[in-house]
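Spelled out, the chains give:
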Amino acid sequence: MHGSRGRSRLWIRVFAAPMLFACATITGLLAALLWGAIGQYVAWVTVGAPVVFIAWVWVRRRTQKPEQFGQTLHGK
Amino acid sequence: MKARTVRLWSVVHTWTSLISTVFLLLLCLTGLPLVFHHEIDELLGYAPQPEAHASAARATTQQVADAALAADPGRVLQYISWDKDEPGIVTAFTNSAVDGLPDNTSVRAFDAVSAKLLGPVGIGPMLIVLKLHTDMFAGQAGKLFLGAMGLLFAVAIVSGVLLYWPFTRRLRFAAIRDRASRRVVWLDWHNLIGVVTVAWALVVGLTGVVNTWAELMLNQWKATELASMVAPYAGKPPPSRLASLDDVVARAKTAAPSMEVAFIAFPGTPFTSSHHFAAFMRGDTALTSRLLKPVLLDGETGEIADSRALPVYLQALLISQPLHFGDYGGMPLKLIWAALDMLTIVVIGSGLYLWLARRRKRAPARTDAFAKRASVPS
């Protein structure tokens, strides 16, 4: 019981951010189609979020020392 | 996830990706300029520009049709269309016959006010890129083949998401292990870019697959819905004299009052019966402008024959088009589309690199094991 709860917590930790990006992308793709001009602005932010995030990881990785940029959950 | 299950999904992910890699790279590389095909055509001088007019009185549809036939003597009209984003232009499609091959179609732009010929449409280098992207110059077979590659891409994405868990559960989200080998660094980038762009890649991949089925869907509509709409006219010959196009347009608007004509298909073309004009009407919102409604009109008298909403599968096709092209959210969305396309190229390329690197890593290990076995005295 305890193990399965820990496992589901770990599952959420692994998939929470990807699911957030996926939901944002789907929302943006539909928003531009359904909500006219306002929907377009929503789409630029939400569909563009993965691009901005990847760019941020890349820039951060180049500007910080390797040790500073998160490795494993236990810091190994 | 058990080790055996992980191995199984790993095999699925590896082979669905490998089989489709070359074609996905082709689709991504040709898709990139296609995102900006309007801008590129304009830059290269292949996009006809409307004339500047002081008066707003537009030419009638019949005047445009006459100008189109005069510009292409001896041929017949197939379609006349109005692009909602290009109100100054009317486009006419002519061919050697109403049911002529699509590759024989000539597309020309006419000024919406003066009906003057502005120039050909859909020529130049972007046509080659488009053909490579849609069917690789192999017609319907090429389209269906690329659709199958799109389905493999979708399986590769789903299996990749399932494998994301065992490969990253001990890592922080977005961790790139710089101190590890180059292969591990690329594995981390592959996993990260793949998982954050998964929704976009699935949507664009699957809508691309739906687009490859367009002709099959259209044939299904013709065989079922359209056949039942024109059933009362069964046995009637093709019109000996066509109704005035201005009447056709005016009557189509009365059948769908809050809509405007997106395009007219002439009798005998793939979008209608041999006896009817089909006026495809569109709404004025972002969504309803994509969902066309056909109005069938008698080819000789111009009288309304029938009007029905398109079936769900054709509506799905029409909705899938903007979701695949990314052309419905202005230039910023186009730029984001291009960036996501490039990130997908990185995911595909890194996946190929990881497979090659793993094979290289395994090869010496196998050689060592063989050498050890061989050195054991019998």
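Read on for an overview of the structure.

Procedures and definitions
- Residues numbered from 1 in each chain as written.
- Chains lettered and ligands numbered in written order.
- Predicted model: local features only at pLDDT ≥ 70, side-chain atom pairs only at ≥ 80, totals over all residues.
- Heavy atoms only, no water.
- Helix = DSSP H or I, 4+ residues; strand = E, 2+ residues; numbered from the N terminus.
- Rg over C-alpha atoms; globule rule 2.2 N^0.38 Å.
- Areas by Shrake-Rupley, 256 points an atom, 1.4 Å probe, with all protein chains shown as cover.
- Lys, Arg positive; Asp, Glu negative; His and termini not counted.
- Charge placed at Lys NZ, Arg CZ, Asp CG, Glu CD.
- Phe/Tyr/Trp six-rings, centres within 6.5 Å; stacked < 30°, edge-to-face > 60°.
- Buried < 20%, exposed > 50% of the residue type's maximum accessible area, 1.4 Å probe, protein only.
- Contact = heavy atoms within 4.5 Å.
- Buried area = accessible area lost by both parts, 1.4 Å probe.
- Salt bridge = Lys/Arg side-chain N within 4 Å of Asp/Glu carboxyl O.
- Polar contact = N/O pair within 3.5 Å; in protein donor to acceptor, adjacent residues only side chain to side chain.
- Nonpolar A, V, L, I, M, F, W, Y, C, P; charged D, E, K, R; others polar.
- Pairing = 2+ DSSP bridges.

### Things to note about the overall build of chain B
Then step 1. The helix and strand tally for chain B stands at eleven helices and eight strands.
Then step 2. By the compact-globule yardstick of 21 Å for 378 residues, chain B is too spread out, its C-alpha radius of gyration being 26 Å.
Then step 3. Taken as a whole, chain B presents about 18700 Å² of accessible surface, with 64% of it coming from carbon and sulfur.
Then step 4. When the 35 positive and 28 negative side-chain charges of chain B are each reduced to one mean point, those points stand 22 Å apart.

### Quick word on the packing of aromatic side chains
Then step 1. On inspection of all chains with the given rule, the structure shows 19 aromatic pairs over all chains.
Then step 2. Centroid distance Phe-53 of chain A to Trp-56 of chain A: 5.8 Å. Interplanar angle 35°. Geometry classified as tilted. With Phe-53 of chain A and Trp-56 of chain A both in helix α2 (residues 36-63) and three residues apart, this pair spans about one turn of that helix.
Then step 3. Note on Phe-53 of chain A: relative accessible area 16%, which makes it buried.
Then step 4. Through pairs of rings, three or more aromatic residues link up here, namely Tyr-79, Phe-93, Trp-221, Phe-263, Phe-271 and Phe-280 of chain B.

### Digging into the interface of chain B and chain A
Then step 1. Each side of the interface is counted separately: chain B has 42 residues, and chain A has 34 residues.
Then step 2. Buried area between chain B and chain A, both sides added, is near 3600 Å², and the carbon and sulfur share of it is 75%.
Then step 3. Looking at the side of chain B facing chain A, the largest losses of area belong to Trp-165, Val-196 and Tyr-328 of chain B, adding up to 18% of the total buried there.
Then step 4. In this assembly, chain B and chain A are joined by one salt bridge.
Then step 5. Across the pair Arg-61 of chain A and Asp-178 of chain B runs a salt bridge whose closest N-O atoms are separated by 2.5 Å.
Then step 6. Run the count over chain B and chain A and you get four residue pairs in polar contact (both at pLDDT 80 or more).
Then step 7. Mapped onto the side of chain B that touches chain A, the elements with two or more residues apiece are α5 (139-168), α6 (182-196), α7 (198-212), α10 (312-325) and α11 (330-375) of chain B.
Then step 8. A per-element tally of the side of chain B that touches chain A places α11 of chain B first, with eight residues.
Then step 9. Of the residues contributing to the side of chain B that touches chain A, the split by class is 31 nonpolar, four polar and seven charged.

### Considerations on the pairing of strand β3 (residues 106-111) of chain B
Residue and element names in this part refer to chain B.
Then step 1. With six of six residues buried, β3 is to be regarded as a mostly interior element.
Then step 2. Here three bridges tie β3 to strand β4 (residues 117-120), and the two strands are oriented antiparallel to one another. Its bridge partner being in β4, Ala-109 is matched across the sheet by Gly-119.
Then step 3. Between the antiparallel neighbours β3 and β4 lie five residues, among them Ala-115 with a positive phi of about 60°.

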